[in-house]
Amino acid sequence: MGYELRNTILYLAFENNIMTPKEKYHLFRTNKKFCVAPWTSFQVFADGRVGTCSIGKETLGNVNDKSVSQILSNNPIVKRIKTNMLNNVADTNCTICDRRSIDEDGFEYYRDHLNKMIEDQDIDYNDIDNFDLRSIDLHWSNICNLRCIMCQPSQSSLIAKDEGVTITPVTKDTISEITEMIVKNQYKIREIYLSGGEPFYIPQNVELLKKLSNKDVPIRINTNMHWNENNRLFKILKTFNNVNLTMSVDALHEKFNYIRNGAEWEVFIKNFQYIKKNTNFDIRINTIFSVMNADDLCANIKYFYQEQNIKNITINVLYRPKELSARNYPLQKKQLIIDQIEKLMTQIAPEDVNLLGNLKNCITQIKSDNQHDYKDALDRVTKKNKKPWQTVLTDLV
């Protein structure tokens, strides 16, 4: 690059209040603690809490007390997080991603996902007061049609009702404010993430998408797949060009029905096949690895990866409820699970580093020392579901 052209670029960067290429390279390539989230993203939970992202540890505020703009502006927690990141210092908000990176583990964590998605955009990361919306994570309602065993009241209205827990909903004014923010930035946003609850039954998701004119805006949505083609949100989603549909499935057939309490495998498969044939959605599988499906993990992955040709698969390790963690699997049977996973890893393309990394993570978890007895926790589930766990989770008996 010529001297004059280089100086012109640096001058324009300064004039437009953006980072120089050298500064940006340093942040994204040599700073191991940096993440775009506090400058460009936020998450809203069903009870109104706001965080930097879905795995950020700290609450920045609550939209039932303050507006989103007030929470994100001049927030001392956000300023501290940003300052630490710029100085390559670990922050307590970011402990889940702190020790993890693509280079070290061979697969993506949330920080990697966000950084890669937004790296090419011009954001002034030097300004710790700057916020420029580029992605948003909306868990803004717990409305759900299932009672998944590993779920909680804040993510399932049915569980909240069963347990007598009241979740204060996000106010209509806040829904309007967030919707307006998204509409205003819809041509710059790199991801709108809809989760829940069950997003296909959350009315504000419908109202939000109805107001978007940019049909290319990327939308990622988690779903249990228990709805039909007449669902209002589904009809709207089909009009968008960049939809990533993440389907939650932890096992096949009867065990799927048990873990996703209230689900029916036949309904899941029917909708899955309908989507494959009738939409241009990018389909992704999300599995939660726990003591309940440790023995079925490989069969589940093989079915979707090899038989259904779905290559985008993520496995999340369950940590809560802690009794149901895979680390508590029967000690004498652990090696069988490890052998199954290692064999599967030889059958998956070596370039699929993300899935291979996820499977390595599962091995690490099940190798960990047993800490709790899962039987009492499953006995409590039986009282709620009225179906003895021993009849379905036979490998745990």
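In the block above lies the structure referred to throughout.
What you see is a predicted model; the values in this text were computed from it and never measured.

Participant: I keep staring at the overall build of the chain and nothing clicks. Help me out?
Facilitator: Helices and strands together make up the secondary structure of the chain, namely 18 helices and nine strands. In summary, the chain has a C-alpha radius of gyration of 22 Å against a globular reference of 21 Å for 397 residues, a match within 12%. In terms of overall dimensions, the chain has C-alpha extents of about 75 × 45 × 40 Å along its principal axes. Within the chain, counting contacts between residues at least 6 apart in sequence, those at least 24 apart form 71% of the total. Summing over all exposed atoms, the chain offers an accessible surface of approximately 18900 Å²; the carbon and sulfur share of this is 49%. Each charge class in the chain can be summarised by its mean position, and for the 52 positive and 49 negative side chains these summaries are 3 Å apart.

Participant: Teacher, can you tell me more about helix 2 (residues 21-30) here?
Facilitator: Think of an α-helix as 3.6 residues a turn; residues three or four steps apart then line up on the same face. Among all positions in helix 2, only Lys24, Leu27 and Phe28 are buried. Taken end-on, helix 2 shows its buried residues confined to a sector of 80 degrees, consistent with a single buried face. In this structure, helix 2 carries Lys22 and Tyr25 as exposed residues pointing more than 90 degrees from its buried face. In the core, the buried residues of helix 2 are packed alongside helix 5 (76-86) and helix 8 (110-118).

Participant: Any chance you could explain the pattern of salt bridges here in plain terms?
Facilitator: If charged atoms from side chains of opposite charge come close, those side chains can pair. What the rule picks out here adds up to 17 salt bridges. For Lys255, the salt bridge is made with Asp395, and the minimal N-O distance between the two is 3.5 Å. You can see Lys255 sitting in helix 13 (residues 253-259) and its partner Asp395 sitting in the segment after helix 18 (374-385), a full 140 residues away along the chain. On the accessibility criterion, Asp395 (10% relative accessible area) is buried. Three or more residues are tied together by salt bridges with common partners; here these are Glu58, Arg80 and Asp91.

Participant: Please explain the pairing of strand 9 (residues 313-317) as it appears in this structure.
Facilitator: For a regular strand, the rule is simple: side chains alternate between the two faces of the sheet. Extensive coverage of strand 9 is indicated by the burial of four of its five residues. Following the chain from strand 8 (residues 282-289) across helix 15 (residues 297-307) to the adjacent parallel strand 9, one finds a crossover that is right-handed.

Participant: When you look at empty space enclosed by the protein in this model, what are you seeing that I'm missing?
Facilitator: Any space left empty among the atoms is revealed by the rolling of a water-sized probe across them. Evaluated as defined, the whole model comprises three cavities of 30 Å³ or more. Quantified by volume, the largest cavity comes out at close to 120 Å³. Lining the largest cavity are 16 residues, with Cys35, Cys53, Ile55, Cys94 and Cys97 sitting closest to its centre. If you list the elements that add at least two residues to the lining of the largest cavity, you get helix 3 (37-40), helix 5, helix 6 (95-98) and helix 8. Split by residue class, the lining of the largest cavity holds 12 nonpolar, three polar and one charged. Here the second largest cavity is characterised by a volume of approximately 90 Å³. Pro38, Leu72, Val78, Lys82 and Phe131 are, among the 15 residues lining the second largest cavity, the residues nearest its centre. Per element, the largest residue contribution to the lining of the second largest cavity is three residues, and it comes from helix 5. Per-class residue counts for the lining of the second largest cavity are six nonpolar, six polar and three charged.

Participant: When you look at the side chain of Asn93 in this model, what are you seeing that I'm missing?
Facilitator: In this structure, Asn93 sits in the loop between helix 5 and helix 6. A relative accessible area of 1% places Asn93 in the buried class. In contact with Asn93, not counting residues within four places along its chain, are Thr52, Ile55, Gly56, Lys57, Glu58, Arg80 and Ile81.

What counts and what doesn't
- Residues numbered from 1 in each chain as written.
- Predicted model: local features only at pLDDT ≥ 70, side-chain atom pairs only at ≥ 80, totals over all residues.
- Heavy atoms only, no water.
- Helix = DSSP H or I, 4+ residues; strand = E, 2+ residues; numbered from the N terminus.
- Rg over C-alpha atoms; globule rule 2.2 N^0.38 Å.
- Contact = heavy atoms within 4.5 Å.
- Areas by Shrake-Rupley, 256 points an atom, 1.4 Å probe, with all protein chains shown as cover.
- Lys, Arg positive; Asp, Glu negative; His and termini not counted.
- Charge placed at Lys NZ, Arg CZ, Asp CG, Glu CD.
- Buried < 20%, exposed > 50% of the residue type's maximum accessible area, 1.4 Å probe, protein only.
- Arc of directions from axis to C-beta.
- Salt bridge = Lys/Arg side-chain N within 4 Å of Asp/Glu carboxyl O.
- Right-handed = clockwise from strand over helix to strand, strands pointing away.
- 1 Å grid on protein atoms, 1.4 Å probe; cavity = no way out; pocket = protein on both sides within 12 Å on 5 of 7 lines; lining within 4 Å.
- Points joined across faces, edges and corners; volume = space filled by probe spheres on them.
- Nonpolar A, V, L, I, M, F, W, Y, C, P; charged D, E, K, R; others polar.

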